[in-house]
Amino acid sequence: MSNIPSIELPSQLIPADGRFGSGPSKVRTESLLELGVTGANFMGTSHRQPGVKSVVGAMRNGIKELFSLPDGYEVMLGVGGASSFWASAAFGLIEKKSQHLDFGVFSGKFAKVVQGAPHLDEPEIIKGGMGTHPLPVPNPEVDLYALTHNETTTGVMMPIERPDAAGIVAVDATSAAGGMAVDPNQFDVYYFSPQKVFGADGGLWIALISPAGAERIEKLGDSDRWVPQFLSLKAALNNSRKDQTTNTPALSTIFLVRSQVDSMLEMGGLDWAVARCAKSSEIVYSWAEASDYAYPFVSNPAERSTNVATINFNEGVSADTVSAVLRENGILDTGGYRALGENQLRLAMFPNVEPSDLETLTKAIDYIVERL
Ligand SMILES: *Cc1c(COP(=O)(O)O)cnc(C)c1O
């Protein structure tokens, strides 16, 4: 960006940590140090041997505990992130027809993957306005309902509730899981990438699977439908049960997730994380509501994400300029999601982000806007 106004923030308006990106998001220094100190026994060793498999096992058990998964639910993992999971789901989770709630860039992307799949029926796509969400509509032809717990691009969250219908429920929980409450009885598949709420690194997907979800994976895996082995959910399920992945994973990502999950359990588990995100979001939204130049993009308070805040500015104040000035001061990744085209900042309020840092950030933004 050219012509960034030169505004230097006073030191008391600089957050202790300047990472506010919604993914990749702030990684705990403690996790990075742990990797540095103990990682030599782990990094650069075989993912088929006990050294790595025990960490994958600890990660899977920790996640099971974090989400209080009922008996019979499993934790799966695979290489490639949520985007890769969509491709796998088109092969190994949707039998014939899916229903998608499309209310942002990520929920729309999954629908597009399915639209192109020649072996599936045309998906039913229920579009919502940007800044709100639609609800699933029971349809006897649908065998998979695709929900998104938190639309990271718009900052809209929705409750996860099973529609009154047959068909499994698959939830993209990439920026929700670990920061929002969820009842496992309301989903069959709850999948996420770990570089958002879990403050780890990308390249991996993790999925919580109900018995009905596993049954669907096994049924389609045993059918004669062609699937590239790399994308096979049946292969991923079998490997996960042995604390492995189908192909080589990023070991550092697994290490960082395990470290993050341990720390969340130590702090008080999902209840602690949810309360912390709620506190942070209260700070950010009440600041925006009281502001004479900023306001929450999502008008219904119940739909405002507690994990990712989208804050619009009045016409006279450029969010891009504010974000650029923040960057000059070492405060990073506060810009809105490009494709949305809003005059907006987007701030991660994940559990790793200190609520006090968000409070300082709101004051820094006020300071900058007063001087523009
Ligand atoms: C970030 C994100 C994705 C994509 O994750 P990748 O790891 O980049 O594939 C998908 N869905 C949601 C809701 C996201 O926030």
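Now for a look at the structure at hand. (Residues numbered from 1 in each chain as written. Predicted model: local features only at pLDDT ≥ 70, side-chain atom pairs only at ≥ 80, totals over all residues. Heavy atoms only, no water.)

### Overview of the site of the ligand
So, point 1. Neighbouring residues of the ligand: Gly81, Ala82, Ser83, Trp86, Phe106, Asn150, Thr152, Asp172, Thr174, Ser193, Gln195 and Lys196.
So, point 2. Taking Ala82, its main chain carries an N or O atom lying 3.4 Å from an oxygen atom of the ligand.
So, point 3. Ser83 places a side-chain nitrogen or oxygen 2.6 Å from an oxygen atom of the ligand.
So, point 4. Summarising the interface, the protein chains cover 87% of the accessible area of the ligand, which totals 390 Å² for the free molecule.
So, point 5. A per-element tally of the shell around the ligand places helix 3 (residues 81-92) first, with four residues. (Near = heavy atom within 4 Å. Polar contact = N/O pair within 3.5 Å; in protein donor to acceptor, adjacent residues only side chain to side chain. Areas by Shrake-Rupley, 256 points an atom, 1.4 Å probe, with all protein chains shown as cover. Helix = DSSP H or I, 4+ residues; strand = E, 2+ residues; numbered from the N terminus.)

### Let's talk about the packing of aromatic side chains
So, point 1. As enumerated under the stated definition, the model contains twelve aromatic pairs in all.
So, point 2. Taking the centre distance of 4.9 Å and the plane angle of 70 degrees together, the rings of Phe85 and Trp205 count as edge-to-face. One end of the pair, Phe85, is in helix 3; the other, Trp205, is in strand 9 (residues 204-209), with 120 residues separating them in the sequence.
So, point 3. Looking at Phe85, the relative accessible area reads 2%, which means it is buried.
So, point 4. Taking the relative accessible area as the measure of exposure, Trp205 reaches 3% and is therefore buried. (Phe/Tyr/Trp six-rings, centres within 6.5 Å; stacked < 30°, edge-to-face > 60°. Buried < 20%, exposed > 50% of the residue type's maximum accessible area, 1.4 Å probe, protein only.)

### Focus: the nonpolar core
So, point 1. Ranked by internal contacts, the top residues of the largest apolar core, which has 53 residues, are Ile63, Phe67, Phe187, Tyr190, Phe198, Ile206 and Leu208.
So, point 2. Element by element, the count of residues in this core is highest for helix 7 (residues 251-267), at seven residues.
So, point 3. Split by domain, this core shows at least three residues from each of two domains, domain 1 (11-27 + 270-371) and domain 2 (31-266).
So, point 4. Setting aside anything within four residues of it in sequence, one finds Phe187 in contact with Leu69, Tyr73, Arg162, Val169, Val171, Val182, Leu208 and Ser210.
So, point 5. One finds Tyr285, Tyr293, Ile331 and Ala364 within the second-largest nonpolar core, a separate group that totals 29 residues. (Core = buried A, V, L, I, M, F, W, Y, C linked by side-chain atoms within 4.5 Å. Domains from an automatic or database assignment. Contact = heavy atoms within 4.5 Å.)

### Observations concerning unusual backbone geometry
So, point 1. For the bond running from Gly23 to Pro24, omega is -5 degrees, close enough to zero to count as cis.
So, point 2. With respect to the secondary-structure elements, Pro24 resides in the segment before helix 1 (29-38).
So, point 3. The backbone phi angle of Asp243 is positive, close to 60 degrees, even though this residue is not glycine.

### What about the sheet that holds strand 12 (residues 344-348)?
So, point 1. Read across the sheet, three strands follow the order 10-11-12 without closing on themselves; strand pairing throughout is antiparallel. Every other strand in the sheet has two partners, leaving strand 10 (294-296) and strand 12 as the edge strands with one partner each. For this sheet, the mean angle separating the axes of adjacent strands, direction not counted, is 30 degrees.
So, point 2. Across three bridges, the pairing between strand 10 and strand 11 (residues 308-313) is antiparallel. Bridge assignment links Pro296 to a residue of strand 11, and that residue is Ile311.
So, point 3. Running at roughly 10 degrees to strand 11, helix 8 (residues 269-290) makes contact with strand 10, strand 11 and strand 12 of the sheet. (Pairing = 2+ DSSP bridges. Axes fitted to C-alpha atoms, helices over the stretch in contact; angles between N-to-C directions.)

### Digging into the sheet that holds strand 7 (residues 168-172)
So, point 1. Spatial ordering of the open sheet is given by 1-9-8-7-4-2-3, a layout of seven strands whose pairing is mixed. On the outer flanks of this sheet lie strand 1 (74-79) and strand 3 (124-127), each paired with one strand and no other. Strand-to-strand twist across the sheet, computed as the mean angle between neighbouring axes with direction ignored, equals 20 degrees.
So, point 2. The pairing of strand 2 (residues 98-102) with strand 4 (residues 144-148) spans three bridges and is classified as parallel. Note that in strand 4 the partner of Gln99 across the bridge is Tyr145.
So, point 3. Where helix 5 (residues 211-222) meets the sheet, it contacts strand 1, strand 4, strand 7 and strand 9, and its direction lies at approximately 115 degrees from that of strand 9.

### What about the packing of helix 7 against helix 8?
Two packed helices can be described by the angle between their axes and the distance between those axes.
So, point 1. Helix 8 packs onto helix 7 with a crossing angle of 85 degrees between their chain directions and a minimal axis gap of 6 Å. One way to sum up the angle between helix 7 and helix 8 is to call them roughly perpendicular. Between helix 7 and helix 8, the contacting residues are Met264, Leu265 and Met267 on the first element and Gly269, Trp272 and Ala273 on the second.
So, point 2. When the residues that make up the contact of helix 7 with helix 8 are grouped by side-chain class, the tally is five nonpolar, one polar and no charged. (Parallel < 35°, antiparallel > 145°, perpendicular 65-115°, else oblique. Nonpolar A, V, L, I, M, F, W, Y, C, P; charged D, E, K, R; others polar.)

### Quick notes on helix 6 (residues 233-240)
So, point 1. Counted residue by residue, helix 6 has six buried out of eight residues, so it is predominantly covered.
So, point 2. Taken as a whole, helix 6 has its buried residues at Leu233, Ala235, Ala236, Leu237, Asn239 and Ser240.
So, point 3. Looking at the packing, one finds that the buried side of helix 6 touches helix 2 (50-66), strand 1, helix 3, strand 9 and helix 5.
So, point 4. A distance of 3.3 Å separates the backbone nitrogen of Lys234 from a side-chain oxygen at the start of helix 6, and that oxygen is part of Ser232.

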